[in-house]
Amino acid sequence: QNGGTENGSSKAVTFSAVKPRLLVEAPKASDAVQFYKAAFGAEEVSRTMHPKRKAEQELPLILSAELKLGPSFILVSDLVNDSSAPVKTPATGFVICLETEDVEAAVAKAVNAGGVSEGEVAEGEVACCGGRVGKVKDPYGVVWMICSPIKKCADVEA
């Protein structure tokens, strides 16, 4: 008798947070952290350097930097292979959505910090429930959608 489950455990699994980990082409993670601070007002919570690298002998790489962005957190890391050599990776199909009341100002701040605006800020139809949406690609290949809060859309449709 295993309680009717395959693995014998019927305990529900819950998660306390989702923390996207952005892998940046080494050795640019430190620059990326500075960009996210300047562009989005992120606050660095902690930083762990790659243990196999000695700063006095070679460029130090970030194993993981945790950033607080609004009420959420992201991790930023230098992408390295198993031999600790830097690895280059193409951008992936990954988009991060940020919600704010002032989409235009947020896009302008990110562009001023070094991001590239992709198209004009406009009313969206799919992303962010139809609110105002702007897109910025950061210098590391990550696309950030900046949009007005979803709750505003629900209020309009009610």
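Residues numbered from 1 in each chain as written. Predicted model: local features only at pLDDT ≥ 70, side-chain atom pairs only at ≥ 80, totals over all residues. Heavy atoms only, no water.

Q: Lay out the overall build of the protein chain in plain terms, naming residues and giving numbers.
A: Within the protein chain, the regular secondary structure consists of 3 helices and 9 strands. When the helices and strands of the protein chain are listed from N to C terminus, the series reads β-α-β-β-β-β-α-β-β-β-β-α. A buried classification covers 31% of the 158 residues belonging to the protein chain. The long-range share in the protein chain, meaning contacts at least 24 apart out of those at least 6 apart in sequence, stands at 54%. (Helix = DSSP H or I, 4+ residues; strand = E, 2+ residues; numbered from the N terminus. Buried < 20%, exposed > 50% of the residue type's maximum accessible area, 1.4 Å probe, protein only. Contact = heavy atoms within 4.5 Å.)

Q: How would you explain the sheet that holds strand β2 (residues 43–49) if you had to name every residue and give the values?
A: Strand order in this open sheet of 4 strands is β1-β4-β3-β2, and the pairing throughout is mixed. Bordering the open sheet on either side are β1 (21–25) and β2, each of which pairs with just one other strand. Each strand axis lies, on average, 20° off the axis of its neighbour in the sheet, ignoring direction. (Pairing = 2+ DSSP bridges. Axes fitted to C-alpha atoms, helices over the stretch in contact; angles between N-to-C directions.)

Q: Tell me what's going on with the nonpolar core, and back it up with residues and numbers.
A: Formed by 26 residues in total, the largest nonpolar core has its most connected members in Tyr36, Phe40, Val76, Trp144 and Ile146. Broken down by secondary-structure element, the contributors of at least two residues to this core are β1, α1 (29–40), β3 (62–69), β4 (72–79), β5 (95–99), α2 (103–112) and β9 (143–147). When sequence neighbours within four positions are dropped, the list of residues in contact with Phe40 reads Phe35, Leu69, Leu98, Ala110, Trp144 and Ile146. (Core = buried A, V, L, I, M, F, W, Y, C linked by side-chain atoms within 4.5 Å.)

Q: Describe in detail the pattern of salt bridges, supporting the description with residues and values.
A: Considering all chains together, one arrives at 6 salt bridges under this definition. Glu66 is the salt-bridge partner of Lys19, the closest N and O atoms lying 2.8 Å from each other. Of this pair, Lys19 sits in the segment before β1 while Glu66 sits in strand β3, and the two are 47 residues apart along the sequence. Using a relative accessible area of 40% as the deciding quantity, one classes Lys19 as partly exposed. In this structure, Glu44 and Lys37 form a salt bridge, with 3.3 Å as the shortest nitrogen-oxygen distance. (Salt bridge = Lys/Arg side-chain N within 4 Å of Asp/Glu carboxyl O.)

Q: Any details on the pairing of strand β8 (residues 132–137)? Residues and values, ideally.
A: Judged from the 2 bridges that link them, strand β6 (residues 116–117) and β8 form a sheet pairing that is antiparallel. Residue Ser117 lies in a different strand from β8, and its bridge partner there is Val136. Summarising the sheet, strand β7 (residues 122–123) and β8 pair through 2 bridges and their orientation is antiparallel. Pairing of Glu123 across the sheet is with Arg132, part of β8. Both β8 and β9 contribute to a ladder of 5 bridges, which runs antiparallel. Its bridge partner being in β9, Val136 is matched across the sheet by Trp144. The antiparallel pairing of β8 with β9 creates a hairpin that spans 5 residues between the two strands, and Gly141 there sits at a positive phi of about 95°.

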